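# Examination of the molecular architecture
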Amino acid sequence: MKETIFLSIASYLDPMLFFTLNDAVAKASHPERLAFAVVDQNTEDQRAAIAALPFARQVRYVHLHPEDTLGVSWARNVAFSLYDGEDYLLQIDSHMLFEQDWDSKLLAQHAKLRMRSAKPVVSTYPYRFDFVDGVPQPMKNEGRTALVLRPHPEKNPSAEDAVLRFMARHLFTDEPVLGCHVSAGFLFAAGAFVEEVPYDPYLYFHGEEQSLAVRAFTRGWDIFHPLLIPVYHLYKSEGTAYTTHHWHGESEARRAFRSSYLQERAKQRLNRLLMGDGLPGAYGLGNVRTMQQFRELSGIDYANQTITDPFDGKLC
C-alpha cells in the first residue's frame, strides 16, 4: 500500500525553506510519496528556484508578498487548500531538520496508535537543532519520556482572554501519552484532518494551537504525545526581536489590517470558541465530544477560568 503524505508548510521570510524541503526529501524512505504545499510569504517570488528542484512536480507553490498576508493561521489555511486527498497530513514549520526514514517512523507510530484510537493525532513541540560550524546538530532524546504539552503556570484563562501559553514537560513512560494540546509546528494525522478541522483564517498567532486542539477533540480526534520525534525545529532565541516576525518590519504599515487589530480580533474569536457560543460552522466546535469532556481530559476549565493538573505531579 503506497501511503502518501501531504506536507503543509507556511513560510514567512524564511531562508531555511529550501533546506527544509531538501532535507525532507533526502531523508524520506519513500520521497516519491510526498506532496508539499508551500505558502511562501516572501518579497521575492521563488517559483523558478522551486521549479529547479529535482522533486519540483511534488511541490504546490503559492507566493504571497508579505504586505498581503494576515498571519500564520491565515497562511496555513491557504496551505490546507492545496490538499488533494493524500493519505496523511504532516504540518511543520519551514525551518526543520529530519531524521533518516522519518516518514516510515511516523507511519509506524500512527499505525500502532490506531489500536488505541480511530482518529489519532501525533503532535508535540519537537526537540531543537542548531547549526554548529555550519552543520546541523539535533538535540536527540532517548525515547524514555514523552513531551507533554501543558499550560504555563503564569496565566489562567480569564473572562476577557482565553489565550494560554503552553510548555513541554517530560513524563517518563513507555508509550505515547494522551494529551489535550497540539504543536502547530509538528502535527501528523490522517489526511482527513485537513477537511474535518480546517484552519481558522481569522486567527492570527496566539491561540492558534488551542483552537486546533479543542476543535479536533470535539470532532473525535485523539491527540498523542510520542516518545520519539523524527523531526527537529530551529528555535528562535527568546527575548530577541526579529524583523522576520509578521508584526515587525515595513510591511506592517502597508497591510490592510495592522497586527494589533489582528491580535485583538483573534482573541475575541478564541473567546467565543472556548467561552462563548462555540462559533458557528466549520471553524467552531464539533458535536462528537463536549467541552465538559475536554475539561475532564485536560484539567482546563474555560467556563470557570481554572486549571488543574491531571498528571498529579508526575511531570518534570
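The structure under discussion appears in the preceding block.
Being a predicted model, the structure only gives us computed values, none of them experimental. (Residues numbered from 1 in each chain as written. Predicted model: local features only at pLDDT ≥ 70, side-chain atom pairs only at ≥ 80, totals over all residues. Heavy atoms only, no water.)

### Considerations on the nonpolar core
Of all hydrophobic cores here, the largest spans 38 residues; its most connected members are Ile5, Leu7, Leu21, Phe36, Leu90 and Trp102. Those residues in contact with leucine 21, other than ones at most four positions away along the chain, are Ile9, Phe36, Val38, Ile50, Leu53 and Phe55. Grouped together as the second largest cluster of nonpolar side chains are 25 residues, Ala10, Val182, Ala184 and Val197 included. (Core = buried A, V, L, I, M, F, W, Y, C linked by side-chain atoms within 4.5 Å. Buried < 20%, exposed > 50% of the residue type's maximum accessible area, 1.4 Å probe, protein only. Contact = heavy atoms within 4.5 Å.)

### Description of unusual backbone geometry
The phi dihedral of leucine 279 falls on the positive side, at around 65°, and the residue is not glycine. Tracing the sequence through the fold places leucine 279 in the loop between helix H8 (259-275) and helix H9 (291-298). Residue leucine 279 is classed as buried on the basis of its relative accessible area of 7%. (Helix = DSSP H or I, 4+ residues; strand = E, 2+ residues; numbered from the N terminus.)

### Considering the packing of aromatic side chains
Under the criterion given, the structure shown has 12 aromatic pairs. A ring pair is formed by phenylalanine 80 and tyrosine 199, whose centres lie 5.3 Å apart and whose planes are at 90°; its orientation type is edge-to-face. Of this pair, phenylalanine 80 sits in helix H3 (residues 72-80) while tyrosine 199 sits in the loop between helix H5 (192-196) and helix H6 (208-218); the two residues are 119 residues apart in sequence, bridging distant segments of the chain. Side by side, phenylalanine 80 and tyrosine 199 carry an identical accessibility label, which is buried. Each ring, one from phenylalanine 193 and one from tryptophan 221, has its centre 5.2 Å from the other, and the planes form 75°; the classification is edge-to-face. Separated by 28 residues along the polypeptide, phenylalanine 193 in helix H5 and tryptophan 221 in the loop between H6 and strand E13 (222-225) bring together distant segments of the chain. There is no split in this pair, since phenylalanine 193 and tryptophan 221 are both buried. In this structure an aromatic cluster arises from ring pairing among Phe19, Phe129 and Phe131. (Phe/Tyr/Trp six-rings, centres within 6.5 Å; stacked < 30°, edge-to-face > 60°.)

From the geometry alone we can't say anything about function, so treat these as descriptive.
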